[in-house]
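# Survey of secondary and tertiary structure
Now for the letters of each chain:
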2 protein chains.
Amino acid sequence: MTADDRFGCNRLATLPGPLRLDGGVLLSPVEIAYETYGTLAADGGNAILVCHALTGDQHVASAHPRTGKPGWWTRLIGPGKPIDPARDFVICTNVIGSCMGSSGPASVNPATGRPWGMRFPVITIRDMVRAQAMLLDHLGVARLKAVVGGSMGGMQALSWAATFPDRVAAAVVIASTARHSAQNIAFHEVGRQAIMADPKWNGGDYYGGEPPAAGLAVARMAAHITYLSEAGLTEKFGRRLQAREAKSFGFDADFQVESYLRHQGLSFVDRFDANSYLYITRALDYFDLAEEHGGLLANAFRGGTTRFCLVSFDTDWLYPTLESRNIVQALNAAGAPVSFVELTSPYGHDAFLLDAPEMNRVVDGFLRGGR
Amino acid sequence: MTADDRFGCNRLATLPGPLRLDGGVLLSPVEIAYETYGTLAADGGNAILVCHALTGDQHVASAHPRTGKPGWWTRLIGPGKPIDPARDFVICTNVIGSCMGSSGPASVNPATGRPWGMRFPVITIRDMVRAQAMLLDHLGVARLKAVVGGSMGGMQALSWAATFPDRVAAAVVIASTARHSAQNIAFHEVGRQAIMADPKWNGGDYYGGEPPAAGLAVARMAAHITYLSEAGLTEKFGRRLQAREAKSFGFDADFQVESYLRHQGLSFVDRFDANSYLYITRALDYFDLAEEHGGLLANAFRGGTTRFCLVSFDTDWLYPTLESRNIVQALNAAGAPVSFVELTSPYGHDAFLLDAPEMNRVVDGFLRGGR
């Protein structure tokens, strides 16, 4: 085991493919940027795939190479944590459609030698999962001890169990859903329209010039509100003013919550590609696991051998507990083993990324239970 | 009573003022566009002021002169309705800051002969109410039988009772709040940033040229989601596709909810001024009736003679029932008579504008009770 293996390194696999996408297009080559932590056991039985959310990346348990920020799920993954590279071989891939090295709209279209832009094919959550399966083949991982994810990562975990039931021993699905609701789609559509309304978007052809930063910032601001709870926002900001004694009677960011949101929007545009935001939100809106299985969610899980663990948070209004319950009912109908818990948190949807010792205990117990 | 009096006509009062605004500026003249229905009784005891919401107008019970659409609250106001012009003298004013004829950023600044744009002073809900009081003076209405409003109209009703306690016999406050929450402010800030991100906004100087339609449409789309309930959106649209057999695997409006939202955004820009949207959302975000009264909401109502009726809707997540309860508690603490009911509706915040027979019965009973 090298130092690189121990702490993760930024890897890129260029797989010939082709990958047949749900939209009918054949994608080739398929580039997948990923990180691994730990070592694959001789019997191959210790591989855990961790799946990231909309704007996440492969740097799940090690510092981001550009920003230097710690991995986004070091609370769950690391020495002495429920997922421990000393024991587990941890893999995290940047999803296709994204912009952290995997094939996406910012990648070069081999047919033209120029960035794909909006000529990149529309992808689905299942396409992301199929690309991950190609990478696992490449890495020699036949079967996963577990696939683990929150939010869009949870959708990938569900899709893994449905698409490759023989390759997944356990799935951990946190703060997620089996289908995007009308309200989910509506918020994403606002974000897409904000990006497309920015003249700098230019039909997606902005690479080499200025990106549609203003539109992307607005999209992020709108989405960010849905990641927090109303009570959490009140607790964190309430109606407190910025470093001012009184209201300005102007249009500066008087309230702390305004300043916070503007910062969220502005910092996002430095780390994310606007076209990728369009493609991944589209994949999320298209996600409906029941629809892919004849309209009945239980059909997605029949005959599988996967054990499931679902976790929801009581203040999550993006993917409320009810969505997890619907999945649990379908799993029960399919005769699949499932444990489910709703945790209390003031933090809304974002809770799964924050300090959540109860979540850690649940995941730890579930992963140990399978041995 | 002329035909004009019977059906309402578009009136404009140009009052010399000056109106001292909460921000310290003196506004002069003060233009107020308004409608009236019915006739003021000899004893002046039948005047009811109806207050509109963020994007509303003075055409509450008669067709909009430009669009021809029926008045926005004909379900509550009209022959045989709880507010009946055959009995009541109904007044509805376009709030200052708006764009339907009252002084606002699109009005001509008398000092320059050009539209105010962003040089228009920032206003508050209380400023709107003070302007209305000036109009009532002008019309010879000393005291209101009732002030009635939903959403921002309800805030005006509360502010009326707090600012002019001797001029309001009764206040009806529907689907409203005594202060904007952090989440409320956050959503409005997204809308403002969307407008200001549109290059056509041009610092507010776009009159005579093209307005920032794309930015305003995005602002409206984001806000519109907050007016509907999650369950209502699911019931109305779910994941149903537009007139297509299958997903397009593109970025057209595949889902009905996308198409609906786009339409909401596009149709809004034909009827509303982007700068007015900035000013009125600012007024809403500044609204905190407790803060205006030493930090204790009950202080706003002490010593008054106003009777109150509060109505909330169980699926309203913009101004949830809890906000109405807080007002009721403050009114109780102040010893003010108040009746309160939470109604069931699938329609979220918008319920107060839709068919709500229970709401009509509550308002009817309350207004009759005062006689």
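Before reading further, recall that the structure is shown in the block above.
Residues numbered from 1 in each chain as written. Chains lettered and ligands numbered in written order. Predicted model: local features only at pLDDT ≥ 70, side-chain atom pairs only at ≥ 80, totals over all residues. Heavy atoms only, no water.

When helices and strands are counted, chain A shows ten helices and twelve strands. For a compact globule of 371 residues, the expected C-alpha radius of gyration is about 21 Å, and chain A comes in at 20 Å, within 12% of that figure. Taken over the C-alpha atoms alone, chain A extends approximately 65 × 50 × 45 Å along its principal axes. Considering chain A as a whole, with its 371 residues, one finds that 60% of them fall into the buried category. Partitioning the contacts of chain A with sequence separation of at least 6, the portion at a separation of at least 24 is 72%. Element-wise, carbon and sulfur atoms account for 53% of the exposed surface of chain A, whose accessible area totals about 13400 Å². Charge separation in chain A, taken as the distance between the mean sites of 33 positive and 36 negative side-chain charges, equals 2 Å. (Helix = DSSP H or I, 4+ residues; strand = E, 2+ residues; numbered from the N terminus. Rg over C-alpha atoms; globule rule 2.2 N^0.38 Å. Buried < 20%, exposed > 50% of the residue type's maximum accessible area, 1.4 Å probe, protein only. Contact = heavy atoms within 4.5 Å. Areas by Shrake-Rupley, 256 points an atom, 1.4 Å probe, with all protein chains shown as cover. Lys, Arg positive; Asp, Glu negative; His and termini not counted. Charge placed at Lys NZ, Arg CZ, Asp CG, Glu CD.)

Turning our attention to the sheet that holds strand β9 (residues 146-150) of chain B. All names here are of chain B. Pairing is mixed in the open sheet, where eight strands are placed in the order β1-β4-β6-β5-β9-β10-β11-β12. With partners counted over all chains shown, the strands left at the sheet margins are β1 (11-15) and β12 (338-343), one partner each. Ignoring which end each strand starts from, the neighbouring axes of this sheet average 20° apart. As paired elements, strand β5 (residues 47-51) and β9 share four bridges and run parallel to each other. Opposite Cys 51, over in β9, you have Gly 149 as the bridge partner. Packed onto the sheet, helix α2 (residues 125-139) meets β1, β4 (30-37), β5 and β6 (89-93) and runs at close to 60° relative to β4. (Pairing = 2+ DSSP bridges. Axes fitted to C-alpha atoms, helices over the stretch in contact; angles between N-to-C directions.)

Excluding glycine, a negative phi dihedral is what most residues carry, and trans is how most peptide bonds are arranged. Here Gly 17 of chain B and Pro 18 of chain B are connected by a cis peptide whose omega angle stands at -5°. One can find Pro 18 of chain B in the loop between β1 and β2 (19-20). Following Ser 28 of chain B, the chain continues to Pro 29 of chain B via a peptide bond in cis, the omega torsion being -5°. In this fold, Pro 29 of chain B is placed in the loop between β3 (26-27) and β4. The backbone of Ala 175 of chain A shows a phi angle near 50°, a positive value even though the residue is not glycine. Along the polypeptide, Ala 175 of chain A turns up in the loop between β10 (170-174) and α4 (182-197).

Here we take up helix α10 (residues 357-369) of chain A. Residues and elements named next belong to chain A. Compared with an ideal rise of 1.5 Å per residue, which puts 13 residues at 18 Å, α10 spans 18 Å between its outermost C-alpha atoms and is within 8% of the ideal. Restricting attention to buried positions, one finds in α10 the residues Met 359, Asn 360, Val 363, Phe 366 and Leu 367. For α10, the arc enclosing every buried residue in end-on projection is 135°, short of the 170-degree limit, so these residues lie on one face. Projecting away from the buried face of α10 at angles above 90 degrees are the exposed residues Arg 361 and Gly 369. Those residues of α10 that are buried are in contact with β5 (47-51), β9 (146-150), β10, β11 (307-313) and β12 (338-343). (Expected span 1.5 Å × (residues − 1). Arc of directions from axis to C-beta.)

Attention now goes to the packing of helix α7 (residues 256-269) of chain A against helix α4 (residues 182-197) of chain B. Relative to each other, α7 of chain A and α4 of chain B sit at 50°, their axes nearing to 9 Å. Taken together, the axes of α7 of chain A and α4 of chain B are oblique relative to one another. The two elements α7 of chain A and α4 of chain B cross, and the hand of that crossing is right-handed. On the side of α7 of chain A, the interface is formed by Val 257, Glu 258, Leu 261 and Arg 262 of chain A, while α4 of chain B contributes Ala 182, Ile 185, Ala 186, Glu 189, Val 190, Arg 192 and Gln 193 of chain B. Of the residues assigned to the contact of α7 of chain A with α4 of chain B, the class counts are six nonpolar, one polar and four charged. (Parallel < 35°, antiparallel > 145°, perpendicular 65-115°, else oblique. Left-handed = near helix turned anticlockwise from the far one by under 90°. Nonpolar A, V, L, I, M, F, W, Y, C, P; charged D, E, K, R; others polar.)

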